[in-house]
Amino acid sequence: MAEAPINSNSIDPTRHEEIQHLLREKLNREKVKLWLPPYTHDTTGSREKGQIPTDLIDRYSKESGLTPQVVGEELESLRLHALEKLDARKKFEASGVATLRVKLAGKLPSKLSTQKRTITLEVLLGLKGHELKRQVAEVCGIEACHLKLITCGHVIDDGKSLIDQHVKNNSQVMAIFLSESEAEARRREGEVSQLSKTRAAAELLSKKEKEQGDPYMQIADQSGKTLNLPDEERKALTMAMTLNEKGRASLKRREYGLALLLLLEADKEFRKCRADILDAVDNYAILCLDIVWCYLCLKNVNDLPDAASRLDTCEDCFRKSYGTNLERLMTLKGQSGHVLALYVRLHLLQGVLAYYQHRRSDAIRYLEQSERELRSLQVDDEKMTQVMTMGFSQQEARLGLRACQGSVDGAIAHIISRREERKEVKKKEKEEKRLRRLLGKTADGKWVNGAHYKTLTDMGYPPGSAKEALRQSNSNITMAIQVLSENPELLELPDPRDEEMQVEITDEMIAQMLSLGFDASVCRSVLSQCSGNIERAVDMLLNGGVIPSSAVGEGTSGSLQKGAVAKTAEELQQEQEAIDEIIPDIPENEEDYLDISLEEEATFLEEFKALVSMIR
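Here the structure is a predicted model, which is why all the values come from computation and not from measurement. (Residues numbered from 1 in each chain as written. Predicted model: local features only at pLDDT ≥ 70, side-chain atom pairs only at ≥ 80, totals over all residues. Heavy atoms only, no water.)

What's the story with the environment of Arg398 in this structure? I'm lost.
Turning to its location among the elements, Arg398 is positioned in helix α15 (residues 394-403). If near-sequence neighbours (up to four positions away) are discounted, Arg398 is found in contact with Val379, Met384 and Asp595. (Helix = DSSP H or I, 4+ residues; strand = E, 2+ residues; numbered from the N terminus. Contact = heavy atoms within 4.5 Å.)

Encoded structure:
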């Protein structure tokens, strides 16, 4: 039975845009210019109804399954839009007044539910970002502080002019609302501040990491090898990965507006790193994929020109990281099935973009490729249950079955192997952390090079001597050997591992001492003498106990670094709040980003397969 033609009364705003896109492609292919005669008789500003031939309307109606009424109305809408763009271009050339199309994205507040999704504004490009935001807010009848504007893949800066942010005449701008209704006003305020709060927390933790050598996020290449980076580059990469994880957590909760803002902030930090560093990890590729996924979920893939470049970047990074046919991944990991979920999403987005760019054959090819990959990743519920009854989590079961093409025995072996690998990685990380604390910092404030320390001890130098020589020589191994040869007294220094046997003095212990009113400069030293016993430390201070000068300023484990400033209770509290803000969204399993249910992908796949099939 033939489907009933689509009626104009049943068209929602999203479907309206899809229909216009379909008709626009037909017009472009046939080189029909509705803004010129014979379709438009007067192009001087008159908006009299156009003369669109009945035979054209009837033909498009049969080809698209739409009623002639809908086709006629949509063609007239496209004709008027073309005339508006022509008028806007003339006005810009004559007066410098630019026309911007602002698309309202995400779930709108209830009072805006009946408003058109796209509004047009006329502005001067010298306008500041906050002034444009104010104008959009006035049109929508909301407060500007609850609004974020995005164009060309970046959030519009409130303090910079539009022209300095590459905004041009006829630019597309996406306006994101971070709330759903007036009843959620308080939550909305929290969402608006979330971005700055997350960034501040990430900066605080990266600073703590630099000071204490205690990373809360390990940075490794595809083989699992930890990357040794300069401080500034490590800070940028740590910031980028932190914001990325927070954005991905929002994405999983389907908070697409907030997710996009966090991911674009992560993008800024990633761009501070050298290209070869980004090539060593796949994080940036996945970030680009997540950003375009947000565009799709916010119905804005066709409006944002950087979607194409981001998908190209993602594909290129995947090729470098995994190999053209995933052969590099097979060499490193022994299997490749677990990353196919990323390719499902990549090829789906490439198909969607090809559809909007009027490349029908490419759209069909990418969508079919995505569908094949999605089918290969479908996991049998019974097999999932079998694996989970062995004591493994749902995430482990899904990833294991996907990695082993649905083999239950293979999945169990894979999960056990991955657990052992993670155990070894954690053991190695713990050892690296222990060594950093053991060796302390060099004269120039950087951490003593652990590999050089091991080289010197393997050469027969005593551990204490090797540590001190490297500290004095700023980890230059040649100079360290020279320091040892010229200063034989260094050979008598004690083994730093003996100092390590002392109880570790934590920030929490110091915070307790500070809360009792003691001076920050002596708390750590007294606690070190008392093996971390707070009661004994308090008693020593109250009874005038003597603190040896050697306990302060020597940079040894359990004592203050030379020149270091003790932290106040307020600073320690800020660090704890930063940890509480960040850590919950940092997944324990490093393959968490691969655990995609693929339900949304399947829905979008069916939607765009249907749209592509309508194009003749």
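There is more to say after this.
For this particular structure, what's the right way to read helix α10 (residues 306-322)?
Note: α-helices contain 3.6 residues per turn, so residues at a spacing of three or four share the same orientation. The terminal C-alpha atoms of α10 lie 24 Å apart, and with 17 residues this matches the ideal 24 Å at 1.5 Å per residue to within 8%. Of the residues flanking the end of α10, it is Gly323, one or two places downstream, whose phi is positive at about 95°. (Expected span 1.5 Å × (residues − 1).)

I tried to follow the nonpolar core on my own but got confused; where do I start?
It is characteristic of soluble globular proteins that their nonpolar side chains tend to be buried jointly. Formed by 73 residues in total, the largest nonpolar core has its most connected members in Leu260, Phe318 and Phe608. Tallying contributions element by element places helix α9 (residues 283-297) first for this core, with 13 residues. Setting aside residues no more than four positions away along its own chain, Leu260 makes contact with Ile150, Met174, Ile176, Ile291, Cys294, Tyr295 and Leu298. In this structure, Val123, Val136, Leu147 and Val173 belong to the second largest nonpolar core, which totals 22 residues. (Core = buried A, V, L, I, M, F, W, Y, C linked by side-chain atoms within 4.5 Å. Buried < 20%, exposed > 50% of the residue type's maximum accessible area, 1.4 Å probe, protein only.)

Any chance you could explain the packing of helix α18 (residues 463-472) against helix α19 (residues 477-486) here in plain terms?
Two quantities define a packed helix pair, namely the angle between the axes and the distance from one axis to the other. Closest axis-to-axis distance for the α18/α19 pair is 8 Å, and the angle between their directions is 120°. For the crossing formed where α18 meets α19, the hand is right-handed. On α19, the residues touching Ser465, Ala469, Leu470 and Gln472 of α18 are Ile477, Ala480, Val483 and Leu484. Here the residues of the contact of α18 with α19 sort into six nonpolar, two polar and no charged. (Axes fitted to C-alpha atoms, helices over the stretch in contact; angles between N-to-C directions. Left-handed = near helix turned anticlockwise from the far one by under 90°. Nonpolar A, V, L, I, M, F, W, Y, C, P; charged D, E, K, R; others polar.)

Explain the packing of α15 against helix α16 (residues 408-439) here, please?
Here α15 crosses α16 at 115°, and the two axes come no closer than 8 Å. The hand of the α15/α16 crossing is right-handed. Contact with α15, carried on its side by Glu396, Ala397, Gly400, Leu401 and Ala403, involves Val408, Ala411, His414, Ile415, Arg419 and Arg422 of α16 and no other residues of that element. Residue classes in the contact of α15 with α16 are distributed as six nonpolar, two polar and three charged.

How should the pairing of strand β5 (residues 172-177) be read in this particular structure?
For a regular strand, the rule is simple: side chains alternate between the two faces of the sheet. By the criterion of burial, β5 is predominantly enclosed, with five of the six residues buried. Bridge analysis of strand β1 (residues 97-105) against β5 gives five bridges, and the strand direction is parallel. Its bridge partner lying in β5, Arg101 is registered against Gln172. Two strands pair when backbone bridges link them, and strand β3 (residues 147-151) and β5 are joined in this way by four bridges, in the antiparallel orientation. Residue pairing in the sheet places Leu149 in a bridge with Ala175 of β5. (Pairing = 2+ DSSP bridges.)

Whenever I open this one, the packing of aromatic side chains confuses me. Can you help?
Between two aromatic rings, the relevant description is the distance of the centres plus the angle of the planes. Summed over the entire model, instances satisfying the criterion amount to six aromatic pairs. Relative to Tyr343, the ring of Phe318 lies with its centre 5.3 Å away and its plane at 45°, an arrangement referred to as tilted. A residue pair is termed long-range when its members are at least 10 positions apart, and Phe318 in helix α10 and Tyr343 in helix α12 (residues 340-356) qualify at 25 residues. Measuring from ring centre to ring centre gives 5.8 Å for Tyr355 and Phe608, while their planes differ by 75°; the resulting arrangement is edge-to-face. Highlighted residues: Tyr355 in helix α12 and Phe608 in helix α25 (residues 599-613), separated in sequence by 253 residues. The exposure class assigned to Tyr355 is buried, which follows from its relative accessible area of 2%. (Phe/Tyr/Trp six-rings, centres within 6.5 Å; stacked < 30°, edge-to-face > 60°.)

Even after reading the chapter, I still don't get the pairing of strand β2 (residues 118-124), so can you show me in this structure?
On β2, burial follows the alternation: Ile119, Leu121 and Val123 on one face are buried, whereas Thr118, Thr120, Glu122 and Leu124 on the facing-out side are not. Here β1 pairs with β2 via seven bridges, running antiparallel. Bridging from a neighbouring strand, Arg101 pairs with Thr120 of β2.

Sorry if this is basic, but what is going on with the sheet that holds β1 here?
Hydrogen bonding along the main chain pairs the strands of a sheet, whether they run parallel or antiparallel. With respect to topology, five strands assemble into an open sheet ordered β2-β1-β5-β3-β4, the strand pairing being mixed. Each edge of the open sheet carries a strand with a single partner, namely β2 and β4 (154-155). Sitting on the sheet, helix α4 (residues 129-140) touches β1, β2, β3 and β5, and the angle it makes with β2 is about 140°.

Teacher, can you tell me more about unusual backbone geometry here?
One can expect most non-glycine residues to show negative phi and most peptide bonds to be in trans. Following Pro37, the chain continues into Pro38 via a peptide bond in cis, with omega recorded as 10°. Inspection of the secondary structure assignment puts Pro38 in the loop between α1 (13-29) and α2 (54-64). Its identity as a non-glycine residue notwithstanding, His166 has a phi of 65°, on the positive side. With respect to the element layout, His166 can be found in the loop between β4 and β5. Here His166 falls in the exposed class, since its relative accessible area comes to 56%. Its identity is not glycine, yet Ser475 carries a phi of approximately 65°, on the positive side. Structurally, Ser475 is set in the loop between α18 and α19. Judged by relative accessible area, Ser475 falls into the buried class, the value being 12%.

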